[in-house]
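# Chain and residue survey
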Amino acid sequence: MQESSLEQYRYFLKDTVRKTVDFSITDQSLGVSPPPIEKGYSADAERIDLIPPDEFQTLPSMDLLCAIANRQSRRQFSKTPLTQQELSFLLWATQGVREQSSADHVRRNVPSAGARHALETYLCVLNVEGLDRGFYRYLPLEHQLVIEYRDESAAEKVGWAAFQQNWMSSAATVFLWSAIPYRTEWRYGLAAHKVILLDAGHVCQNLYLACEAISAGTCAVAAYDQELMDDLLKIDGKDEFVIYLAAVGKVD
Ligand SMILES: Cc1cc2nc3c(=O)[nH]c(=O)nc-3n(C[C@H](O)[C@H](O)[C@H](O)COP(=O)(O)O)c2cc1C
């Protein structure tokens, strides 16, 4: 490995960059309007109501101690579909909004540096009760799904775009998290990027534990073809791009 490259990439893991940022000239400090806290959708977009959190009590769930003790990466899934209640629970656990104090400030079920929440959640739906196969996006503010597009061959495409990790095709759904970096750059400038990745780690850990609680399993995936995966979600790869995935399925 080249010493100069190592230094460059290790620098990314450090917080040295913060000392180089002039916080008096970040867009927030300059009075630029904050970006939307959720990606928009067209007025005629097809949206699906999810099961609200106050109806999760009927989920068979295990206690947190067992969920932590049992957590492991699972790559083999049963053919049992995920119910809409289970899917709603997993989306809520990973990105659910619990409070909106102003137009540009929400608190969610996961922490985020400066509460900037730069992530969007897409789903590749493969085996979920009542949902066609294809690509969807979670709307945390509405607790709804918006249909991006239906696609009968979504399973093969997502496995292929993850460098032929074909085990993913047997999942009930694949979570695909994209980042819209400007949400965090608006406040932190060049100190934004490391914390966006830290945020993603919290999200995926909640997915692991929430899956264990409902007899489902997940495996995080960070090896994927960047351009293919961005194309699959029809995102531009510049202002929004995929940063992390996780395949989910029932294990009963
Ligand atoms: C950031 C991250 C990226 C990962 N990427 C992949 C991946 O691309 N493919 C895969 O099969 N597993 C992936 N994994 C799962 C790890 O291989 C797994 O967590 C590790 O082997 C430890 O096993 P455990 O999670 O069961 O404790 C990833 C895990 C993490 C946290």
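What comes next is a walk through the structure. Here the structure is a predicted model, which means the values were calculated and not measured. (Residues numbered from 1 in each chain as written. Predicted model: local features only at pLDDT ≥ 70, side-chain atom pairs only at ≥ 80, totals over all residues. Heavy atoms only, no water.)

Now for a nonpolar patch on the surface. Taken together, the side chains of F12, L13 and L197 make up a nonpolar region of the molecular surface, amounting to roughly 290 Å² of accessible area. Here L13 is to be found in helix α1 (residues 3-13). For L13, a relative accessible area of 59% puts it in the exposed group. (Patch = residues over 30% accessible without salt bridge, like charges linked within 9 Å, V, L, I, M, F, W, Y side chains within 5 Å. Areas by Shrake-Rupley, 256 points an atom, 1.4 Å probe, with all protein chains shown as cover. Salt bridge = Lys/Arg side-chain N within 4 Å of Asp/Glu carboxyl O. Helix = DSSP H or I, 4+ residues; strand = E, 2+ residues; numbered from the N terminus. Buried < 20%, exposed > 50% of the residue type's maximum accessible area, 1.4 Å probe, protein only.)

Another aspect to go through is the packing of helix α4 (residues 154-161) against helix α7 (residues 226-233). In a packed pair of helices, the relevant descriptors are the angle between the two axes and the axis-to-axis distance. Relative orientation of the contacting elements α4 and α7 amounts to 150 degrees, with a least axis distance of 9 Å. Classified by the interaxial angle, the pair formed by α4 and α7 is roughly antiparallel. On α7, the residues that touch K157, V158, W160 and A161 of α4 are L228, M229 and L232. (Axes fitted to C-alpha atoms, helices over the stretch in contact; angles between N-to-C directions. Parallel < 35°, antiparallel > 145°, perpendicular 65-115°, else oblique. Contact = heavy atoms within 4.5 Å.)

Going through the model one piece at a time under the given rule, you end up with one cavity of 30 Å³ or more. What lines the largest cavity is simply Q95, P111, S112, H117, A118, L119, D199 and V203. Its residues assigned to classes, the lining of the largest cavity shows four nonpolar, three polar and one charged. (1 Å grid on protein atoms, 1.4 Å probe; cavity = no way out; pocket = protein on both sides within 12 Å on 5 of 7 lines; lining within 4 Å. Points joined across faces, edges and corners; volume = space filled by probe spheres on them. Nonpolar A, V, L, I, M, F, W, Y, C, P; charged D, E, K, R; others polar.)

For α4, the full list of buried residues reads A154, A155, V158, G159 and A161. Down the axis of α4, the buried set is contained in an arc of 170 degrees. They therefore lie on one face. Where α4 is buried, its residues touch β4 (119-125), β5 (134-139), β7 (173-179) and α7. The first or second residue beyond α4 is F163, which carries a positive phi of 55 degrees. (Arc of directions from axis to C-beta.)

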